Amino acid sequence: MSNEIVKTDLLIVGAGPAGAALACFLASYGLTGIMISAALGTADTPRAHVTNMAALECLRDIDLEKQCIEAGASGDHMIHTRWCHSMAGEEYARLYSFGNDPKRKADYDAASPCDHIDLPQTLLEPILTRRAVAKGWTLRFNTTFLTFARPSDERDVIISTIRDDLSNQTYKIQSRFLFGCDGARSQVIRELGIPLIRKPGQGQALNVLVKADLSHLVKSRAGNLHWVFQPEKELPVWGWSCVLRMVRPWTEWMFVFMPRPGGDLTGDDMNASHEQYLSRLKEVIGDDSVDVEILHVSKWKINEIVAEYYSDGNIFCLGDAVHRHPPFNGLGSNTCIQDAFNLAWKVSYVMSGRAGPQLLDSYSAERQPVGFDIITRANQGLRDHIPWMQAIGMTEVEVDKRRGLLAEFDDKGVVGRKRRQEFREGIEKTRTEFHGLGIEMNQQYRSGAVYLDDEPEAPPLPHEVVLERLISTYPGMRLPHAWLNTRVPGQQFSTIDLAGHGGYCLITGPGGNSWKGAAEQVSKAVNVPIKSYSIGWNEDYEDVYFDWEKRREVEEDGCVLVRPDRFVAWRSKSLSKDPKGKLETVMRKVLSL
C-alpha cells in the first residue's frame, strides 16, 4: 500500500448516471473533485434508456438537454408499445406510450417544456463524464473503493481506501464528502451498514443485445417496446416471453427474455448455447432473411429494494445504490439524475457557508420517500402485466393448456367474448407503465428545506396518481411549467427557465414589486442569490397563454419562492405587510441559518 494520501473535498464512487450527473451538477457550482469507477469505462450495454421530462429538466439547467436530444431517439420513435406473435407476424394489441396518445397530449404539454427521449445509457454516460472532466473533475476508471474511516475528532474528514485495479496497488483518498453512487452492489452502502428494505424479488430475466436491421418491419409497427409471445409453442425455460426494446432505430435491439413462470429458477436455468439463443431470437423476429448478430448476453435479478435512509454524516448515497428495481415505467436513470440534482446545490451551499450543515439532512428526508415510491411502482408495473398473460395463457406451464386458451379467442360466442375482454382489460391495465406522468413528476418534498408554516393541508393527489400530474405551487412541489414571452414577442421560454441555475428565484406579479425589493435586500443579508421576476400584464414577462395565472395559486401581488432545484420552497398568497422581514425569516429557516 502506498503511504500517499490524495486530498480532495469531494469523492464520488461510481461514474454511472448518478455519479456522473452529480459531478456535472457540482461542477456547475464551480466544485470539482475525484470520481472513481471500478468499471473499465462508461456503460458497455444500453441498460436504462427512457429519459423522461423530470430528468431532462435537471440536465436543461446545465445546458446538457440539447446534447441528450441530439444523441437520443425522439419521442415519435416511442409512439407505441405492442403485443405480437413475432416482429414480422401477427399483432394482438398496441397502446400509445410516453406522451404519444392524442388524448394525453395536453397533459404532457402542461407538465413540462421537455419531451421524453430514448437515450441508452451507453450514450448518456459519455455525455455526462465528458462534461464533468471538461469542468475539472478527475475521473479514474479501473479503480475500486474498498473501505473508509472517519476520525472521531474530525467531522469533515473521511479517509477512503482505494485500489488501482491495473497495478493492484492500494492508496488512500482524504475527502470532506463521500458519495456512494456505486450501483446495486454498492460497497459504500455495505461499509455504512445502511439497512435495506427488501420485498421478495420477482425472479430473473435475461438480456440479449443484438444487432439486427428491422427497419422494414417497423414501418407499420412503430414503437420502442414490443412484447412478443408464442403461447402455442414449446418454449425454453429462459425464453418464455420477450420484451423487444429498441436501442438504436432500427438496427440495435435488446431482447429481454422473461423465464417460465412459477418455480425456483437458478442462474443455470437462464443459460443456453449461442445457437439456442440465436434460434430463439429468430423466432421472436419471425423473418429468416434478417441477419442477427449477438453482441452481449447478461442476466439480472428483478429487485424491489430501497435503503432505509440515504446519508450518514458527510457520506451520501444515491442512484441504484439506494433504490433497485426493474425497468418498468423507465424510472431508473431518471431517478438517479434527480437524486444528484437534489443533493448538489445543498452540498454547494453548505461548503460555501450559505447554508447550515442541517440543510444536508433534507436530502435523505426528501429523496428516500421518492425512492420507495419508485421501486414500488416499477415492480407493480411488472405485476400489471400478469392479467393479460393469464388471459392468453402465458402463465400456464403446459403447452396444451396454453393452446386451449388461445383457441378460445376465436370463439364467436360467450366463451370467446369473455376471453377477449379479459385480454383487452389486461392490456389496458398496463397503461400506468407507459403514461406514468404522475409517478414521474409528482414528487412532494417534506423537510426542513421547505417552509410550510403558512400552509393548510397539502392538495389531494389526483385519483389516478400514477397517470396524472398534480400541478401546484404548494411548497415542496415542482415549480409548474408555463410558457412565457416578452411584450414584443421573441422566442418563448418556460417558467422553469427563470428558476434554477444555482440560485433561488422569486416570482411575483402586478402589485408585487415590494417582493422584488425584498429579494434584493434578503439576498445580500443571507449571501444567497435570489433572482426575482414579475409575470403579468406589462411586467418583466408576459403570461401569453394565461397558464401561469391558472397554475400559480397565489394572487397577483403574492409570490412563489423557488429553490435551486426548481422545487417550491415557500409561497405567499398575497403581499405581506413586511415583505423583507417575512422573506428573510423563510430563507433563514429553509437554509438552516
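If you're wondering where the values come from, they're calculated on a predicted model, not measured in any experiment.

*Asks:* Just checking my understanding: could you explain the overall build of the protein for this structure?
*Replies:* Looking only at helices and strands, the protein features 19 helices and 28 strands. Its C-alpha atoms give the protein a radius of gyration of 26 Å, near enough to 25 Å, the size a compact globule of 593 residues would have. Across its three principal directions, the C-alpha atoms of the protein cover 75 × 65 × 40 Å. Look at the contacts in the protein between residues 6 or more apart in sequence, and 74% of them connect residues 24 or more apart.

*Asks:* What's the story with the sheet that holds strand E13 (residues 196-198) in this structure? I'm lost.
*Replies:* To summarise the sheet geometry, strands pair through backbone hydrogen bonds and adopt either a parallel or an antiparallel arrangement. The strand order across the open sheet built from three strands is E13-E19-E22, with neighbouring strands paired in antiparallel fashion. Of all strands in the sheet, those with a lone pairing partner are E13 and strand E22 (323-324), marking the two edges. Alignment of E13 against strand E19 (residues 305-307), held across three bridges, turns out to be antiparallel. Each bridged residue has a counterpart across the sheet, and for Leu196 the counterpart in E19 is Ala307. Of the strands in this sheet, E13, E19 and E22 touch helix H10 (residues 361-383), which is tilted by about 175 degrees from E19.

*Asks:* Looking at this structure, how should I read helix H17 (residues 513-526)?
*Replies:* Think of an α-helix as 3.6 residues a turn; residues three or four steps apart then line up on the same face. For H17, built from 14 residues, the straight-helix expectation of 20 Å at 1.5 Å per residue is met to within 8% by its first-to-last C-alpha distance of 20 Å. Residues Trp515, Ala518, Ala519, Val522, Ser523 and Val526 constitute the buried set of H17. The arc that holds every buried residue of H17, seen down its axis, measures 135 degrees, which confines them to one face. Away from its buried face by more than 90 degrees, H17 exposes Asn513 and Lys524. For H17, the elements touching its buried residues are strand E25 (504-508), strand E26 (530-534), strand E27 (559-562), strand E28 (568-572) and helix H19 (579-590). Of the residues one or two after H17, Asn527 is the one with positive phi, at around 60 degrees.

*Asks:* What's the story with empty space enclosed by the protein in this structure? I'm lost.
*Replies:* The gaps of empty space that remain are located by a probe, the size of a water molecule, rolled over the atoms. The tally for this structure, following the rule as stated, stands at three cavities of 30 Å³ or more. Of the voids in this model, the largest cavity is the one considered here, and its volume is about 110 Å³. Around the largest cavity sit 13 residues that line it, and Cys58, Phe341, Arg478, Asp565 and Phe567 are the ones nearest its centre. Put simply, the parts of the chain that give the lining of the largest cavity at least two residues each are helix H2 (53-60) and helix H9 (332-351). Looking at which domains feed residues into the lining of the largest cavity, each of domain 1 (6-72 + 117-197 + 309-359) and domain 2 (444-591) gives three or more. In this structure, the second largest cavity encloses a volume near 40 Å³. Taken together, Ile507, Thr508, Gly509, Ile535, Trp548, Arg552, Val554, Glu555 and Glu556 make up the full set of residues lining the second largest cavity. Here the residues of the lining of the second largest cavity are counted per class, giving four nonpolar, two polar and three charged.

*Asks:* Quick question: what am I supposed to make of the environment of Leu146 here?
*Replies:* Relative to the helices and strands, Leu146 resides in strand E9 (residues 143-149). Residue classification places Leu146 among the partly exposed positions, given a relative accessible area of 25%. C-alpha separation for the pair Leu146 and Lys172, spaced 26 residues apart in sequence, amounts to 9.9 Å.

*Asks:* Would you mind going over the packing of aromatic side chains with me for this structure?
*Replies:* Two descriptors summarise a pair of aromatic rings, namely the distance from one centre to the other and the angle between the planes of the rings. Tallied over the entire structure, the rule returns 25 aromatic pairs. Seen from their ring centres, Phe177 and Phe179 are 6.2 Å apart, and the 10 degrees between their planes marks the pair as stacked. Look at Phe177 and you get buried, because its relative accessible area is 1%. A relative accessible area of 0% means that Phe179 is categorised as buried.

*Asks:* How should the nonpolar core be read in this particular structure?
*Replies:* General note: in soluble globular proteins, nonpolar side chains tend to be found buried as a group. If you look at the biggest cluster of nonpolar residues, it comprises 99 residues, and the most contacted ones within it are Leu22, Phe25, Leu26, Phe179, Tyr504 and Leu561. Examining the composition of this core, we find that 11 residues originate from one element, H9, more than from any other. Split by domain, this core shows at least three residues from each of two domains, domain 1 (6-72 + 117-197 + 309-359) and domain 2 (444-591). Residues within four places of Leu22 in sequence aside, it is in contact with Ile12, Phe179, Cys181, Leu318, Ala340, Leu343 and Ala344. Grouped together as the second largest cluster of nonpolar side chains are 31 residues, Leu225, Val243, Met389 and Ala391 included.

*Asks:* What is the right way to read the pattern of salt bridges from this model?
*Replies:* When their charged atoms lie close together, side chains carrying opposite charge are able to pair. The tally for this structure, following the rule as stated, stands at 37 salt bridges. The salt bridge partner of Arg377 is Asp384, with a shortest N-O separation of 3.0 Å. Comparing Arg377 with Asp384, the two get one shared label, buried. Salt bridges linked by common partners bring Lys346, Glu366, Arg563 and Asp565 together as one network.

*Asks:* Help me understand the packing of H17 against H19 in this model?
*Replies:* When two helices pack together, their arrangement is given by the angle between their axes and by how far apart the axes lie. Running from amino to carboxyl end, H17 crosses H19 at an angle of 45 degrees, the nearest separation of the two axes being 9 Å. When the axis of H17 is compared with that of H19, the two are oblique. Taken as a pair, H17 and H19 cross one another with a handedness that is right-handed. Residue-level inspection shows Ser514, Trp515, Ala518, Ala519, Gln521, Val522, Ala525 and Val526 of H17 in contact with H19, the latter providing Pro579, Lys580, Leu583, Glu584, Met587 and Arg588. Grouping the constituent residues of the contact of H17 with H19 by class yields nine nonpolar, two polar and three charged.

*Asks:* How should unusual backbone geometry be read in this particular structure?
*Replies:* Residue Trp250 follows Pro249 across a cis peptide bond; omega there is -15 degrees. Within the secondary structure, Trp250 is located in the loop between strand E16 (241-248) and strand E17 (252-258). One non-glycine residue with positive phi stands out, namely Asn142, at about 55 degrees. Owing to a relative accessible area of 15%, Asn142 belongs among the buried residues under this scheme.

About the cut-offs
- Residues numbered from 1 in each chain as written.
- Predicted model: local features only at pLDDT ≥ 70, side-chain atom pairs only at ≥ 80, totals over all residues.
- Heavy atoms only, no water.
- Helix = DSSP H or I, 4+ residues; strand = E, 2+ residues; numbered from the N terminus.
- Rg over C-alpha atoms; globule rule 2.2 N^0.38 Å.
- Contact = heavy atoms within 4.5 Å.
- Pairing = 2+ DSSP bridges.
- Axes fitted to C-alpha atoms, helices over the stretch in contact; angles between N-to-C directions.
- Expected span 1.5 Å × (residues − 1).
- Buried < 20%, exposed > 50% of the residue type's maximum accessible area, 1.4 Å probe, protein only.
- Arc of directions from axis to C-beta.
- 1 Å grid on protein atoms, 1.4 Å probe; cavity = no way out; pocket = protein on both sides within 12 Å on 5 of 7 lines; lining within 4 Å.
- Points joined across faces, edges and corners; volume = space filled by probe spheres on them.
- Domains from an automatic or database assignment.
- Nonpolar A, V, L, I, M, F, W, Y, C, P; charged D, E, K, R; others polar.
- Phe/Tyr/Trp six-rings, centres within 6.5 Å; stacked < 30°, edge-to-face > 60°.
- Core = buried A, V, L, I, M, F, W, Y, C linked by side-chain atoms within 4.5 Å.
- Salt bridge = Lys/Arg side-chain N within 4 Å of Asp/Glu carboxyl O.
- Parallel < 35°, antiparallel > 145°, perpendicular 65-115°, else oblique.
- Left-handed = near helix turned anticlockwise from the far one by under 90°.

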